[in-house]
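The primary structure of each chain is shown beneath.
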Amino acid sequence: MPNLQNEWNKLLRKKSSIVLFCLSALFPLLVGPAIQMMQNKFGFTAFDGESFPLVILSLAVSFYLPLLLALCVSDMFAGEQEQKTLSFLLVRPLSRFKLFTSKIVCTGIYLLTLLMLVCLSSLITGAIWLENFTFSGLLISLSAFLLSWFPLMAIGILLVFLALWFGSSSKALTFSILLYLVMVVLTYLFPGIAQWLPAYDNDWYQRWINSGFTMVTMGRTIYLVSFSALFFTVGYYKFSRKEF
Amino acid sequence: MPVLELQNVTKQYKNGRGVENISFSVEHGEIFGLLGPNGAGKTTLMKCIVALSHPEQGKILINGYNVMEHFELAMQSVGTLISGVEAFDYLTAYQNLLLAARLYPSLEKGRIDEVLHWVGMEEHKHEKVKSFSTGMRQRLYLAAALLSKPSFVILDEPTNGLDIEGKLDFQELISRLAKDEGVTFILSTHLIDEVERLCNRIAILSKGKIIAEVDKNQLAEGQTFESFYINHIRKGKEVNQNAQLTK
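Residues numbered from 1 in each chain as written. Chains lettered and ligands numbered in written order. Predicted model: local features only at pLDDT ≥ 70, side-chain atom pairs only at ≥ 80, totals over all residues. Heavy atoms only, no water.

Draft legend 1. Structural view of the overall build of chain B. Each helix and strand in chain B was counted, giving eight helices and ten strands. Rg of the C-alpha trace for chain B: 18 Å, near the compact-globule value of 18 Å for 247 residues, within the 12% margin. Buried positions account for 53% of the 247 residues belonging to chain B. Across chain B, the fraction of contacts at a sequence separation of at least 24, relative to all contacts at a separation of at least 6, is 67%. Total accessible area on chain B is roughly 11500 Å²; 48% of this is exposed by carbon and sulfur atoms. (Helix = DSSP H or I, 4+ residues; strand = E, 2+ residues; numbered from the N terminus. Rg over C-alpha atoms; globule rule 2.2 N^0.38 Å. Buried < 20%, exposed > 50% of the residue type's maximum accessible area, 1.4 Å probe, protein only. Contact = heavy atoms within 4.5 Å. Areas by Shrake-Rupley, 256 points an atom, 1.4 Å probe, with all protein chains shown as cover.)

So, in structure tokens, the structure goes:
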């Protein structure tokens, strides 16, 4: 897919992407020493080297990473349409399906890169600043970060579908953030409805780590795959019908 | 087989603008001019040809391939400069052309520099597009259109924003490519002198319809594309006025 390289290069050439990569790497490095100072001052141990990456992950998957995903997706689709740059590639021998797929795959790689940056940074912080850093803890943390890619990607595909309805990146971003917040609130208020929303799987890694491969995790996996496939398909349909 | 063939293409927008029942073909080696006043539907038609817009009716064939069904095959040897299509302004001229070049796997390495030289932009190749004037952007888009060594080039208002020297350079380049390399062009414009210098056949588009089509050889003695165009546009206006009076 030659356009995947194009999409990735475009992403890396944006100043905002570099800033966000740096912020993602710096956040755990700054939080770690602060926690250690507080723990020393008050004489208790809330987080140790083993649990610290998972605490950071739970914060990241709840708000930080969905926000970054919304930023990336709204710029990649609505933003490029707004700036009329999407057509620059659409008038070349590249089908809309290939362009759409390469953008989604690029979003997936971007998400994985962010997760790995936060993972590495929180592991380093845990090892240097906090006690009880173990090799098994490292493996669990790494698996948890990798597992989190899947439900976040389902949210990413939903955000792509939403971004296609807007002609401006700021409108797409605002709507995506509001919708995500509504999904999070609904998850707490109405657990019955919540299971149909992708935000329900924010603690996906915990379910796998605590329960392993069960009927419930299997069912959720099938649900998320179907959810992603559905929104990929309707998203592509919308993209293929778009006029520029 | 014609390089480009339009069969009864219709595209109407909600505001009533668009094109209706357009049919024509462009043969190999021609420089075909699509001439019309502002708002006649030239860009709509160009966007339909490259599938940025979807016609409601009709067929568009490039080298025998239906653009809506076999887009990649149809566009393989086509270069485009469409009005309103922008380059990525946070990238340099070279990086923008590199994005396009990746979609043509058989392109040799030095091609980007070659087309930048043709349009006089090699000195600015490492400058970001956001610092470019309209004319410089237009030169870059022309470079992007010629990048893939196309056998057919679609140019929509290509000299918009170019200074006199830029226009003359552009006309020389088009003439040379058509003569030496047999490249076929379709050129949409409202600049009659451009058509006069470059084209060997024209179609006049007015209010979304083709009202006349003529080959340079078919023009009467002493007649130019300009006089042919003015006659038909005036005739069109008279017909409209008479129709309104009858109502």
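Draft legend 2. Region of interest: the sheet that holds strand β1 (residues 4–12) of chain B. All names here are of chain B. In spatial order, the strands read β2-β1-β4-β5; together these four strands make up an open sheet with antiparallel pairing. Single-partner strands in this sheet number two, and they are β2 (18–26) and β5 (65–66). The pairing of β1 with β2 spans six bridges and is antiparallel. For Gln 12, the partnering residue across the bridge sits in β2 and is Gly 18. Across the sheet, helix α1 (residues 42–49) touches β1, β2 and β4 (57–62), and the angle it forms with β1 is around 120°. (Pairing = 2+ DSSP bridges. Axes fitted to C-alpha atoms, helices over the stretch in contact; angles between N-to-C directions.)

Draft legend 3. Region of interest: the layout of surface pockets. Residues and elements named next belong to chain A. In this structure, the largest pocket occupies an estimated 320 Å³ of space. Ranked by the residues each element gives to the lining of the largest pocket, the list is headed by helix α10 (residues 215–241), at three residues. In the lining of the largest pocket, the residues fall into nine nonpolar, three polar and four charged. (1 Å grid on protein atoms, 1.4 Å probe; cavity = no way out; pocket = protein on both sides within 12 Å on 5 of 7 lines; lining within 4 Å. Points joined across faces, edges and corners; volume = space filled by probe spheres on them. Nonpolar A, V, L, I, M, F, W, Y, C, P; charged D, E, K, R; others polar.)

Draft legend 4. Fine view of the nonpolar core. Of all hydrophobic cores here, the largest spans 155 residues; its most connected members are Leu 4, Phe 24 and Ile 186 of chain B. Residues in contact with Leu 4 of chain B, not counting those within four places in the same chain, are Phe 24, Ser 25, Val 26, Ile 49, Ile 60, Leu 61, Ile 62, Phe 152 and Ile 186 of chain B. (Core = buried A, V, L, I, M, F, W, Y, C linked by side-chain atoms within 4.5 Å.)

Draft legend 5. The arrangement of the environment of Leu 103 of chain B in detail. Counting through the fold element by element, Leu 103 of chain B comes out in the loop between α3 (93–101) and α4 (111–118). What makes Leu 103 of chain B buried here is its relative accessible area of 5%. When the C-alpha atoms of Leu 103 of chain B and Asp 180 of chain B are compared, they prove to be 26 Å apart, with 77 residues separating the residues in sequence. Once residues lying within four places of it in the same chain are set aside, the contact partners of Leu 103 of chain B are Pro 2, Asn 3, Asn 6, Leu 89, Arg 92, Pro 93 and Leu 94 of chain A.

Draft legend 6. Local environment of the pairing of strand β8 (residues 184–189) of chain B. All names here are of chain B. Judged by how many residues are buried, β8 sits mostly within the fold: six of six residues are covered. Of the two faces of β8, the one carrying Thr 184, Ile 186 and Ser 188 and the one carrying Phe 185, Leu 187 and Thr 189 are both buried. Note: strand β7 (residues 152–156) against β8, five bridges, orientation parallel. Considered in β8, the bridge of Leu 155 is made with Leu 187. Handedness of the β-α-β unit built from β7, helix α6 (residues 164–181) and β8 comes out right-handed. (Right-handed = clockwise from strand over helix to strand, strands pointing away.)

Draft legend 7. How the structure looks around the environment of Ala 127 of chain A. On the secondary structure map, Ala 127 of chain A appears in helix α5 (residues 96–129). Counting along the chain gives 87 residues from Ala 127 of chain A to Asn 40 of chain A, while the straight-line C-alpha distance between them is 17 Å.

Draft legend 8. Just empty space enclosed by the protein, in detail. Residues and elements named next belong to chain B. Under the defined criterion, the tally for this structure stands at three cavities of 30 Å³ or more. The computed volume of the largest cavity comes to approximately 80 Å³. Contributing to the lining of the largest cavity are Trp 118, Val 119, Gln 138, Arg 139, Leu 142, Leu 162, Gly 166, Asp 169, Phe 170 and Leu 173. Going through the elements one at a time, α5 (134–146) and α6 are the ones with two or more residues in the lining of the largest cavity. When residues of the lining of the largest cavity are assigned to their parent elements, the largest contribution, four residues, is made by α6.

Draft legend 9. Highlighting the confidence of the model for chain B. Residues and elements named next belong to chain B. Model confidence for chain B is summarised by a mean pLDDT of 91, while 95% of its residues fall at 70 or above. Least confident of the elements in chain B is helix α8 (residues 225–246), whose mean pLDDT is 74; most confident is α3, at 96. Predicted complex, confidence summary: ipTM 0.88, pTM 0.90. (pLDDT = per-residue confidence, 0-100.)

Draft legend 10. Up close: the interface of chain A and chain B. Counting from both sides, the interface comprises 28 residues of chain A and, opposite them, 30 residues of chain B. Where chain A abuts chain B, roughly 2800 Å² becomes buried across the two surfaces, and 59% of that area is made up of carbon and sulfur atoms. For chain A, the biggest contributors to the area lost against chain B are Phe 88, Arg 92 and Pro 93 of chain A; these three give 27% of the whole. Where chain A touches chain B, the interface holds two salt bridges. With its nearest N and O atoms 3.0 Å apart, the salt bridge here joins Glu 72 of chain B to Lys 98 of chain A. The tally of links between chain A and chain B comes to 14 residue pairs in polar contact (both at pLDDT 80 or more). (Buried area = accessible area lost by both parts, 1.4 Å probe. Salt bridge = Lys/Arg side-chain N within 4 Å of Asp/Glu carboxyl O. Polar contact = N/O pair within 3.5 Å; in protein donor to acceptor, adjacent residues only side chain to side chain.)

Draft legend 11. Layout of a positive patch on the surface. Taken together, the side chains of Arg 13 and Lys 15 of chain A together with Lys 128 and Lys 130 of chain B define a basic patch exposed on the protein surface. Its location among the elements puts Lys 128 of chain B in the loop between α4 and α5. (Patch = residues over 30% accessible without salt bridge, like charges linked within 9 Å, V, L, I, M, F, W, Y side chains within 5 Å. Lys, Arg positive; Asp, Glu negative; His and termini not counted. Charge placed at Lys NZ, Arg CZ, Asp CG, Glu CD.)

Draft legend 12. Layout of the UniProt feature "transmembrane region" (unreviewed entry) in chain A. Residues and elements named next belong to chain A. The positions UniProt marks with the feature "transmembrane region" (unreviewed entry) are residues 18–35, 55–78, 99–130, 142–165, 177–197 and 217–237. For residues 18–35, helix accounts for 100% and strand for 0%, while the C-alpha atoms at its two ends are 26 Å apart. Secondary structure content for residues 217–237 is 100% helix and 0% strand, while the C-alpha to C-alpha distance between its ends is 30 Å. (UniProt positions renumbered as here; feature names shortened; annotations may be inferred.)

Draft legend 13. Structural context of the pattern of salt bridges. Residues and elements named next belong to chain A. Per the stated rule, a full pass over the model turns up 18 salt bridges over all chains. Among the ionic pairs, Glu 7 bridges to Lys 10, the shortest N-O distance being 3.1 Å. Residue Glu 7 and its partner Lys 10 are located together in helix α1 (residues 2–13), separated by three residues, close to a single helical turn. Considered together, Glu 7 and Lys 10 belong to a single accessibility category, that of buried residues. Put simply, Arg 207 and Asp 203 hold a salt bridge, and the shortest N to O gap is 3.0 Å. One network of salt bridges, in which partners are shared, links Glu 7, Lys 10, Glu 80 and Lys 103.

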